Amino acid sequence: DAGITQSPRYKITETGRQVTLMCHQTWSHSYMFWYRQDLGHGLRLIYYSAAADITDKGEVPDGYVVSRSKTENFPLTLESATRSQTSVYFCASSETGTLYGYTFGSGTRLTVV
Amino acid sequence: GESVGLHLPTLSVQEGDNSIINCAYSNSASDYFIWYKQESGKGPQFIIDIRSNMDKRQGQRVTVLLNKTVKHLSLQIAATQPGDSAVYFCAEKNGNKLVFGAGTILRVKS
């Protein structure tokens, strides 16, 4: 399904650089989420948004910035990338927040060298 | 894509057998749970959910059991198929967010 798309699919960046991961959904879902997935840690919530212009921190927000100027877009920015931010990043959306779960994108594999 | 579950618990089952994947959750006040399936290189996909006022819920070939006394959730897959090979995550509702477990790898042997 192209309902929720993430770009780029793969990204390699250098330590200290700024990088933005994009997330776009076509359903007009109110809620959007960013998770990172690391070996042995499962999915950890970075930031989420309940609506346009409303964002909240999740479990691991340090080093990340988000914005939600439009309902359909929820970009995640690493202001100064560090090696510890090497991970697979997943964006998700949901109409109701948690009921009936989230729909995930295909992920962005980010490597910081 | 590269697997993200190389150090996770692994369950190996023979094709056609039933699989049981277990999950312990932490918050006794959680009232909603979901099982997700994640295939290599893809995002997690919703399988089945259950509310805390239920003990059991069945879907197509899958059943989720909830034991609130010991805070335990299980996913049963009947007649496991090669296409069921994936990482399986449980998630519990925490406020208006979902908290995910670390996951279990299911490997189906033909």
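The following paragraphs examine the structure supplied in this document. Note that the structure is predicted; figures quoted are calculated from it, not measured.

## Observations regarding the packing of aromatic side chains
Here is step 1 of the chain: Summed over all chains, the structure comprises 14 aromatic pairs over all chains.
Here is step 2 of the chain: Their ring planes at 85° and their centres at 6.4 Å tell us that F90 of chain A and F104 of chain A sit as a pair that is edge-to-face. Of this pair, F90 of chain A sits in strand β9 (residues 87–94) while F104 of chain A sits in strand β10 (residues 103–104), and the two are 14 residues apart along the sequence.
Here is step 3 of the chain: Between Y36 of chain B and F46 of chain B the ring centres are 6.4 Å apart and the planes differ by 90°, which places this aromatic pair in the edge-to-face class. In this pair, Y36 of chain B is assigned in strand β3 (residues 32–38) and F46 of chain B in strand β4 (residues 45–51), connecting sequence segments 10 residues apart.
Here is step 4 of the chain: Judged by relative accessible area, F46 of chain B falls into the partly exposed class, the value being 36%.
Here is step 5 of the chain: The rings of Y31, F33, Y35, Y48, F90, Y102 and F104 of chain A together with Y36, F46 and F100 of chain B are connected pair by pair, giving a single aromatic cluster.
Here is step 6 of the chain: When the ring centre of F74 of chain A is taken as origin, the NZ or CZ atom of R68 of chain A, which lies over that ring, is 5.9 Å away.

## Some words on the sheet that holds strand β6 (residues 62–67) of chain B
Sheet strands pair by backbone hydrogen bonding; their relative direction is either parallel or antiparallel.
Residue and element names in this part refer to chain B.
Here is step 1 of the chain: Ordered by their spatial adjacency, four strands build an open sheet running β2-β7-β6-β5, and the pairing between neighbours is antiparallel. Strand pairing shows two members of the sheet lacking a second neighbour, β2 (19–24) and β5 (56–58), which therefore form its edges. Taken over all neighbouring pairs, the strand axes of this sheet differ in orientation by 15° on average, direction set aside.
Here is step 2 of the chain: Where β2 and strand β7 (residues 72–77) come together, six bridges link them in antiparallel fashion. Looking at β7, one finds that S19 is bridged to I77.

## Looking at the pairing of strand β3 (residues 19–25) of chain A
Residues and elements named next belong to chain A.
Here is step 1 of the chain: Side chains of β3 alternate between two faces, with V19, L21, C23 and Q25 buried and T20, M22 and H24 left unburied.
Here is step 2 of the chain: Bridge count between strand β1 (residues 4–7) and β3: four bridges; the pairing is antiparallel. Of the residues in β3, the one forming a bridge with Q6 is C23.
Here is step 3 of the chain: Sheet topology places β3 next to strand β8 (residues 76–78); three bridges connect them, and they run antiparallel.

## Focus on the state of the cysteines
Here is step 1 of the chain: Per the stated rule, a full pass over the model turns up two disulfides over all chains.
Here is step 2 of the chain: With its sulfur 1.9 Å from that of its partner, C23 of chain A forms a disulfide with C91 of chain A. Here C23 of chain A and C91 of chain A share a disulfide; its torsion about the S-S bond, -75°, makes the bridge left-handed. Here C23 of chain A is found in strand β3, whereas its partner C91 of chain A is found in strand β9, with 68 residues between them in sequence.
Here is step 3 of the chain: Given a relative accessible area of 0%, C91 of chain A falls into the buried group.
Here is step 4 of the chain: With a sulfur-sulfur separation of 1.6 Å, C23 of chain B is cross-linked through a disulfide to C90 of chain B. Here C90 of chain B lies in strand β8 (residues 86–94) and C23 of chain B lies in strand β2, a separation of 67 residues in the sequence.
Here is step 5 of the chain: Classification of C23 of chain B by relative accessible area gives buried; the value is 9%.

## What to know about the sheet that holds strand β7 (residues 64–66) of chain A
All names here are of chain A.
Here is step 1 of the chain: What the four strands build is an open sheet, ordered β1-β3-β8-β7; its pairing is antiparallel. In this open sheet, the two edge strands, each paired with only one partner strand, are β1 and β7. Pairs of neighbouring strands in the sheet enclose a mean axial angle of 15°, with direction left out of account.

## Concerning unusual backbone geometry
Residue and element names in this part refer to chain A.
Here is step 1 of the chain: With omega at -5°, the peptide bond leading from S7 into P8 counts as cis.
Here is step 2 of the chain: Structurally, P8 can be placed in the loop between β1 and β2 (10–13).
Here is step 3 of the chain: In the Ramachandran plot, S28 falls in the positive-phi region, its phi being about 60° despite a non-glycine side chain.
Here is step 4 of the chain: Residue position: S28 is located in the loop between β3 and β4 (31–38).
Here is step 5 of the chain: On the accessibility criterion, S28 (53% relative accessible area) is exposed.

## So, the nonpolar core
Here is step 1 of the chain: Counting residues in each nonpolar core, the largest one holds 21 residues, and the members touching the most others are F33, Y35, Y102 and F104 of chain A together with Y36, L98 and F100 of chain B.
Here is step 2 of the chain: If you list the elements that add at least two residues to this core, you get β4, β5 (42–51) and β9 of chain A together with β3, β8 and β9 (97–100) of chain B.

Conventions used here
- Residues numbered from 1 in each chain as written.
- Chains lettered and ligands numbered in written order.
- Predicted model: local features only at pLDDT ≥ 70, side-chain atom pairs only at ≥ 80, totals over all residues.
- Heavy atoms only, no water.
- Phe/Tyr/Trp six-rings, centres within 6.5 Å; stacked < 30°, edge-to-face > 60°.
- Helix = DSSP H or I, 4+ residues; strand = E, 2+ residues; numbered from the N terminus.
- Buried < 20%, exposed > 50% of the residue type's maximum accessible area, 1.4 Å probe, protein only.
- Lys NZ or Arg CZ within 6 Å of the ring centre and 35° of its normal.
- Pairing = 2+ DSSP bridges.
- Axes fitted to C-alpha atoms, helices over the stretch in contact; angles between N-to-C directions.
- Disulfide = S-S within 2.5 Å.
- Core = buried A, V, L, I, M, F, W, Y, C linked by side-chain atoms within 4.5 Å.

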